[in-house]
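Analysis of the macromolecular model
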Amino acid sequence: MKLLSLKLFNFRQFWGEVTLDLAHQQGHSVTVIHGNNGAGKTTLLNGFTWVLYDQRSPAFAPGPLVNNRALGEVPVGSLVECWAEVLFEHNGREYQARRSCVAQKDAAGQILEEPSVLQLKINGKLIAGKDDIEDAIGSVLPKSLHRYFFFDGERIEQIVKTENRADMATAIKTLLSVEMLERGINHLDYARKQLEKELRDIGDTETKRLMTEKASLEAEKTQKETRREAIVQDLLDQEDLKQRYSAQLRDLDKVKEIQQRRDTLQSQMEDLEQQLARSEDRLRRTISSRGYMVFLGDTITQFKELAADLRRKGELPAGIKRQFVQDLLDQEACICGAQLISGTPNRRKVETWLGKGGLQDVEEAVIKMSGEVESLERQIPEFWAEIDQEQASIENLRQRIARLQDQISGIRDQLKGNEDVNVQGIERRLEETEKAITARHREDAVLKDEIKRLDDAIAEVDKQIKAHKAKDKEQARVKRQIEAAQDAVARLNEVKHRVDLKFRAVLELKVREIFRQISFTPYLPKLTENYELRLVDPNLDGETTVAASTGQNQILSLAFIGSVIERVRYWSKKHSAIGLDGGGFPIVMDSPFGSLDSVNRSNIAQAITTLADQLVVLVSKTQWLNEVEREMEPSVGAEYVLVYYTAKDDAELEEMERYGRSYPLVKRSPNEFTWTEVVRVER
């Protein structure tokens, strides 16, 4: 996919028609767009996503899309059109996608906007049908992947948040093309259920009973799984509410410092809870792996007494080995040369040593066991010392958590008793949200156990069905078909699991490689089986999770995006199922350097140009200067400045210099309207 241009007409800040031709030449494939906050950088980002997917980023303020000046310059009730158009190439074909809408302002000043309409031309030929248009665009870049190619850099750290795990998993499924496997599994499972229904109808009494029992168990399991899905979604919504209420408190000047203090305490408590979980896990592992030693005291004493008795008898250490005596008797010759013929006095004397000689294997076993016993005796005190130390650590952590909980509870009481009614209301809603989250987690844990119990019960019924002999050929046939369907489902699930496992390992490896290039910290990214991205410290026990800063989460997200693009590039060459073009992968990113320090800004600016084949960067003047400009300048092929026309009389005018020429960033509007103009930089 190669982006050629973006055109806008009366779209948000942009009055009239504006065109941005995007750089796509090899070696100079970076387009830089400079603009102040509010000038329209986020609007340009959303121009792409609105056209292609009818999607808007969280930072794109809600409201009418039609430009205010365009509406203000026409009579009340007149229709005003706005549209955005993306021109791109893919697999040798040119795509022209345009989404448009119309709006009008009524006499009361309300803006009425109609739903948007998408048109698509491929090589100049108009594509008919909404589904055909969406399929054509989705075959170029699937909707589930678009947020990894068009993203808001200031909120990029949201990509790695737990609440976005479902979106990430969906994107991964698209990359792996496992939808086909899942469709096969679903169809086979449906066929299996139909066959089981048939078997229940034609089976004998016992078969009917077993099939009815299984159907009842599966129905109950489906009901609980549906409830779990609803709980998971509700948890995401409740967490979002919690973050929103906390942000509202942080924005209130009266309680801003108090809320920030609570945020700090909660962060400390979460860190201590992680430490507590690790300590409890270490205690469990220590007891399960070495706890048996404390029960060996009597056995060790018995062994020592047995060994001492053998030594008292002279059998340990043995003066002569029993096997040595037996060898002499077999040879019928003593070491002194005397004959040991059967029945002679000499032989009878030597035979008496068989009872006195020690067994070599017994002696070796005793020696070996003595070493093991001594090692065990040394480890038992060490084991108790470790247990005592871990229990002391657990108790200390629990006390510290309790103290933090008391402080957080005190802050809650303080906010609930605040004289500001608004503060009281927000705090009350926050408390109710946290209680709801706790209740949902408890219910989810109960449902998880219930589903496990039902799985075991279904497996047991399946065993009984398989063991029950069919009464006739028809029953036997249906049973074979059911078993074949179950076997096929199991095999497809195993294939899906292996593909997922391999892909996740390769993806994590690439994330780590990119992260190390950008970040100077010793931490490593870890991609869990649920596709949660975490930052771990490999030098601590069990790859301990560390609390990542906003900047680290930004780097982590960029590393993940880079690895996704690399995997898309690789998989599109190996597998054509997702239809992506291996020749080009664009990234459009808005303000990607905002929360980063100088070193990380430089490292990201250097790395980002190698992650994608084409790059559109939307930056403010301060974000571009110095290290970012130094690293990215050699790859820039096109450059624009967003000129913001403000209607404020006291607004501070601003400009920036590029290649010896001044370009205004803020200018005074000649009328009462505010809008943005796009000016191309002469390079």
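The model shown is predicted, which means the values in this text are computed figures rather than measured ones. (Residues numbered from 1 in each chain as written. Predicted model: local features only at pLDDT ≥ 70, side-chain atom pairs only at ≥ 80, totals over all residues. Heavy atoms only, no water.)

With that settled, the discussion passes to unusual backbone geometry. We note that Asn-10 has phi near 50 degrees; this positive angle belongs to a residue other than glycine. Structurally, the position occupied by Asn-10 is in strand β1 (residues 2-11). With a phi angle near 55 degrees, Tyr-659 is a residue other than glycine that sits in the positive phi range. When you line up the elements, Tyr-659 lands in the loop between β16 (654-658) and β17 (661-668). Take Tyr-659: its relative accessible area is 38%, and that puts it in the partly exposed class. (Helix = DSSP H or I, 4+ residues; strand = E, 2+ residues; numbered from the N terminus. Buried < 20%, exposed > 50% of the residue type's maximum accessible area, 1.4 Å probe, protein only.)

Let's shift gears to the confidence of the model for the chain. Low pLDDT marks regions whose predicted coordinates should not be analysed in detail. This prediction gives the chain a mean pLDDT of 83; 87% of its residues lie at or above 70. For residues 575-582, every residue scores under 50 in pLDDT, and the model assigns this stretch 25 contacts once sequence neighbours within four places are set aside. (pLDDT = per-residue confidence, 0-100. Contact = heavy atoms within 4.5 Å.)

Assignment of secondary structure puts Asn-91 in the loop between β4 (80-90) and β5 (93-105). Along the primary structure Asn-91 and Met-1 are separated by 90 residues, whereas in three dimensions their C-alpha atoms are 7.6 Å apart. Separated by 3.3 Å, the side chains of Asn-91 and His-90 make a polar contact. (Polar contact = N/O pair within 3.5 Å; in protein donor to acceptor, adjacent residues only side chain to side chain.)

Another point: the packing of helix α6 (residues 205-251) against helix α7 (residues 256-290). Look at α6 against α7: their axes get within 7 Å of each other, and the N-to-C directions meet at 135 degrees. Judged by the angle between their axes, α6 and α7 are oblique. On the side of α6, the interface is formed by Ser-246, Leu-249 and Arg-250, while α7 contributes Lys-256, Gln-259, Gln-260, Arg-262 and Asp-263. Considered class by class, the residues forming the contact of α6 with α7 number one nonpolar, three polar and four charged. (Axes fitted to C-alpha atoms, helices over the stretch in contact; angles between N-to-C directions. Parallel < 35°, antiparallel > 145°, perpendicular 65-115°, else oblique. Nonpolar A, V, L, I, M, F, W, Y, C, P; charged D, E, K, R; others polar.)

The next thing to look at is the pattern of salt bridges. Applying the stated criterion across every chain, the model contains 41 salt bridges. The residue Lys-496 makes a salt bridge to Glu-182 at a minimum N-O spacing of 3.3 Å. Taken together, the residues Lys-496 in helix α13 (residues 473-518) and Glu-182 in helix α5 (residues 179-202) connect sequence positions 314 residues apart. One salt bridge connects Lys-435 with Glu-431, and the closest N-O pair in it is separated by 3.9 Å. Taken together, the residues span about one helical turn, with Lys-435 and Glu-431 both in helix α12 (residues 421-467) at a distance of four residues. (Salt bridge = Lys/Arg side-chain N within 4 Å of Asp/Glu carboxyl O.)

In this section: the pairing of β16. Sheet topology places β16 next to β17; five bridges connect them, and they run antiparallel. Across the sheet, the residue bridging to Glu-657 is Ser-662, located in β17. In sequence, β16 turns back onto β17 through a hairpin of two residues, with Tyr-659 there showing a positive phi of about 55 degrees. (Pairing = 2+ DSSP bridges.)

Right, let's get into helix α8 (residues 297-312). Every α-helix winds through 3.6 residues per turn, so residues three or four apart in the chain are directed the same way. Compared with the 22 Å implied by 1.5 Å per residue over 16 residues, the 23 Å span of α8 between its first and last C-alpha is a close match. Among all positions in α8, only Ile-300, Phe-303, Ala-307 and Leu-310 are buried. All buried residues of α8 project into a common sector of 90 degrees when viewed along the axis, lining one side. Along α8, exposed side chains directed more than 90 degrees from the buried face belong to Asp-298, Gln-302, Glu-305 and Arg-312. (Expected span 1.5 Å × (residues − 1). Arc of directions from axis to C-beta.)

Direction of pairing for β4 relative to β5: antiparallel, over a ladder of eleven bridges. Residue pairing for β5: Cys-82 is matched across the bridge by Cys-101. Hairpin remark: β4 followed by β5, antiparallel, with two residues in the connecting loop; positive phi at Asn-91, about 50 degrees. Pairing of β5 with strand β7 (residues 117-122) involves six bridges; the strand directions are antiparallel. Its bridge partner lying in β7, Arg-98 is registered against Gln-119. Strand direction decides the pairing type here: β5 and strand β6 (residues 111-113), joined by three bridges, are antiparallel. Directly across from Ala-103, in β6, lies its bridge partner Glu-113.

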